[in-house]
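Fold and geometry: a report
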Amino acid sequence: MNERVLVTGAGGFIGHHLVTYLKNRGYWVRGVDLKHPEYEPTAADEFDILDLRRWDACLESLRPAPDGRKIDHVYALAADMGGMGFISANHSLILHNNVLINTHTIEAARKAGVERYFYTSSACVYPEHLQTEANVTPLRESDAYPAAPQDAYGWEKLFTELLCHYYAGDYGMETRTVRFHNVYGELGTWEGGREKAPAAMMRKVAYAKLLGGKEGAPGGPPTVEIWGDGEQTRSFMHVDDCCEGVYRLMMSDYREPLNLGRDRMVTINELCDIAAEAAGVDVVHEHIDGPQGVRGRNSDNTQLREILGWEPGIPLEEGVARTYEWIEGQLRAKLEAVGKLPSGDGALVDILPA
Ligand code: NAD
Ligand code: GDD
């Protein structure tokens, strides 16, 4: 296997895992991002810090490999993105940045003679009016039109899906488009405002377990703050399943957008309890105001099974247990660094500043 591959967004959560996955399969890989991966070094053969909103940076990212051979495959994951806290509050930034990144990256790929181009779209493309109930009908690929996504983030994803569709038709580029449903796992953003519900629940559970009380207010019964009534629903896919699905789709001959997610729907209250179970602690739910996005969302995997003969299979409890262990480790390291962990007898030796 000696194809040359470019992964954009390789300093981010899924991109970093995908680089490791492709290296394990024997590819030569160049990673590009605004930043290096935060939690461990990249496995890429080359890693460039580039701002892909810029046309010159996109051309640079698609220069030939050191052996003079062109880049064969591109996995385009770079995006300004995050969970509901971020995407509901940054519409202009997201639309501006992601349109620039995606229009420039695909055109630079075309000029460089790239054969296969993989675009990472989102379940956020689906119309808001199909997601108003917690007990939602799972979303089929054809539900995306007539289009009515909730946020600018989803509109940009639809726009770039179409860009891929037209590049395939006009230039014969082999494009692949996936619609991810909420992806979680180890080495993912777990604090800072861009984290999604799984990492947020696990971090809040870990605070409650290690310090008692709730994040920012230690002491007392372990408590987790949940945005809304917690009865909103989602399905969650572990990042290992995600990488496997991405690769299978890239190697298929299917050019249309395809869901990639699990089809087991849970409420956010249930997600919180699964995280608490992994932590071995009972927590109280405290429901507070916060951005909620759609009321319910689930993936219809009929097409996925048909096209790939496969679907994600890592059970939520297993994926959360693995991810929780990593997040608790991150939090422990952070608290130990500032001397804020409980003493041996369980008493608090200090109070974490809010
Ligand atoms: P992430 O934020 O961890 O990774 C995206 C990376 O893109 C980041 O490292 C960021 O620095 C980089 N980036 C942003 N602007 C850039 C620029 N101008 N130039 C170069 N790099 C830039 O997100 P992720 O969860 O790994 O998501 C990867 C892709 O999958 C994104 O396109 C995202 O929209 C899509 N997606 C993810 C999910 C999910 O649940 N994680 C769901 C749907 C779609
Ligand atoms: N992030 C977060 N943090 N969400 C919380 C929290 C919290 O502390 N408490 C409750 N929630 C609820 C949100 O209100 C929302 O209803 C639900 O958990 C899921 O939130 P997110 O995981 O942040 O986002 P999402 O599922 O609505 O959308 C995500 O997945 C899409 C793909 O399915 C985002 O990451 C999108 O960018 C992505 O495209």
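Quantities reported herein were computed from a predicted structural model and do not represent experimental measurements. (Residues numbered from 1 in each chain as written. Chains lettered and ligands numbered in written order. Predicted model: local features only at pLDDT ≥ 70, side-chain atom pairs only at ≥ 80, totals over all residues. Heavy atoms only, no water.)

1. Here's the deal with the overall build of the chain
A count of helical and extended segments in the chain gives ten helices and 13 strands. Relative to the globule expectation of 20 Å for 354 residues, the C-alpha radius of gyration of the chain, 21 Å, shows essentially globular dimensions. Across its three principal axes, the chain shows a C-alpha extent of roughly 65 × 45 × 40 Å. Here the chain holds 354 residues, and the buried ones make up 54% of them. (Helix = DSSP H or I, 4+ residues; strand = E, 2+ residues; numbered from the N terminus. Rg over C-alpha atoms; globule rule 2.2 N^0.38 Å. Buried < 20%, exposed > 50% of the residue type's maximum accessible area, 1.4 Å probe, protein only.)

2. Some remarks on the site of ligand 1
In the neighbourhood of ligand 1, 26 residues make up the surrounding shell, with Ile 14, Asp 33, Tyr 153, Lys 157 and Val 183 lying closest. For ligand 1, an oxygen atom lies 3.1 Å from a polar atom in the backbone of Gly 12. Separating an oxygen atom of ligand 1 from a side-chain N or O atom of Asp 33 is a distance of 2.6 Å. For ligand 1, whose free accessible area comes to 810 Å², the fraction covered by protein is 93%. Of all elements in the fold, only helix H1 (13–24), strand E5 (116–122) and helix H5 (152–171) reach the threshold of two or more residues within the shell around ligand 1. Ranked by residue count, the leading element in the shell around ligand 1 is E5, at three residues. Residue composition of the shell around ligand 1, grouped by class: 13 nonpolar, seven polar and six charged. (Near = heavy atom within 4 Å. Polar contact = N/O pair within 3.5 Å; in protein donor to acceptor, adjacent residues only side chain to side chain. Areas by Shrake-Rupley, 256 points an atom, 1.4 Å probe, with all protein chains shown as cover. Nonpolar A, V, L, I, M, F, W, Y, C, P; charged D, E, K, R; others polar.)

3. Considerations on the sheet that holds E5
Spatial ordering of the open sheet is given by E3-E2-E1-E4-E5-E6-E11, a layout of seven strands whose pairing is parallel. Two strands in the sheet have a free side with no partner beyond their single neighbour: strand E3 (46–49) and strand E11 (258–260). Neighbour-to-neighbour, the strand axes of this sheet turn through a mean angle of 20°, independent of strand direction. As judged from the five bridges shared by strand E1 (residues 4–8) and strand E2 (residues 28–33), these two strands associate in the parallel manner. When the bridges of E2 are listed, Val 5 appears paired with Val 29. The strands touched by H5 within the sheet are E5 and strand E6 (174–180), with E5 carrying the most contacts at an inclination of about 155°. (Pairing = 2+ DSSP bridges. Axes fitted to C-alpha atoms, helices over the stretch in contact; angles between N-to-C directions. Contact = heavy atoms within 4.5 Å.)

4. Re the site of ligand 2
Neighbouring ligand 2 are 26 residues; Ser 122, Lys 196, Lys 204, Pro 291 and Gln 292 lie closest to it. Note that an oxygen atom of ligand 2 is positioned 3.2 Å from one of the side-chain N or O atoms of Tyr 153. Contact distances for ligand 2 include 3.1 Å between a nitrogen atom and a backbone N or O atom of Glu 195. Listing elements by their share of the shell around ligand 2, those giving two or more residues are helix H3 (84–87), helix H6 (197–211) and strand E8 (223–227). With four residues, H6 is the single largest residue contributor to the shell around ligand 2.

5. Focus: the environment of Glu 141
Tracing the sequence through the fold places Glu 141 in the loop between E5 and H5. Glu 141 sits in the buried class, given a relative accessible area of 13%. Distance in space between the C-alpha atoms of Glu 141 and His 96 is 26 Å, their sequence separation being 45 residues. Those residues in contact with Glu 141, other than ones at most four positions away along the chain, are Tyr 126, Arg 179, Pro 257, Leu 258, Asn 259, Asp 300 and Gln 303.

6. Let's talk about a negative patch on the surface
Where like charges cluster on the molecular surface, the negative patch consists of Glu 231, Glu 270, Asp 273, Glu 277 and Asp 282. Looking at the element boundaries, Glu 231 is found in the loop between E8 and strand E9 (233–235). On the basis of relative accessible area, Glu 231 is assigned to the partly exposed category, the value being 37%. (Patch = residues over 30% accessible without salt bridge, like charges linked within 9 Å, V, L, I, M, F, W, Y side chains within 5 Å. Salt bridge = Lys/Arg side-chain N within 4 Å of Asp/Glu carboxyl O. Lys, Arg positive; Asp, Glu negative; His and termini not counted. Charge placed at Lys NZ, Arg CZ, Asp CG, Glu CD.)

7. What to know about the domain arrangement of the chain
Domains assigned within the chain are domain 1 (4–184 + 236–260) and domain 2 (197–234 + 265–297 + 315–337). In this complex, domain 1 contributes 21 residues to the contact, which on the side of domain 2 involves 25 residues. Carbon and sulfur atoms make up 66% of the surface buried where domain 1 meets domain 2, a total of about 1,800 Å² over both sides. Between domain 1 and domain 2 we count one salt bridge in total. The salt bridge partner of Arg 322 is Asp 240, with a shortest N-O separation of 2.6 Å. (Domains from an automatic or database assignment. Buried area = accessible area lost by both parts, 1.4 Å probe.)

8. As for the nonpolar core
Ranked by size, the top nonpolar core spans 33 residues in total, and within it Val 7, Leu 22, Tyr 75 and Phe 180 carry the most contacts. Those elements giving two or more residues to this core turn out to be E1, H1, E6, helix H7 (239–251), E11 and helix H9 (302–308). Per element, the largest residue contribution to this core is seven residues, and it comes from H7. Discounting chain neighbours no more than four positions away, the residues touching Tyr 75 are Val 5, Leu 6, Val 7, Thr 8, Leu 18, Leu 22, Phe 118, Val 246, Tyr 247, Met 250 and Met 251. Counting 32 residues, the second largest nonpolar core, distinct from the first, contains Leu 210, Phe 236, Leu 271 and Ile 274. (Core = buried A, V, L, I, M, F, W, Y, C linked by side-chain atoms within 4.5 Å.)

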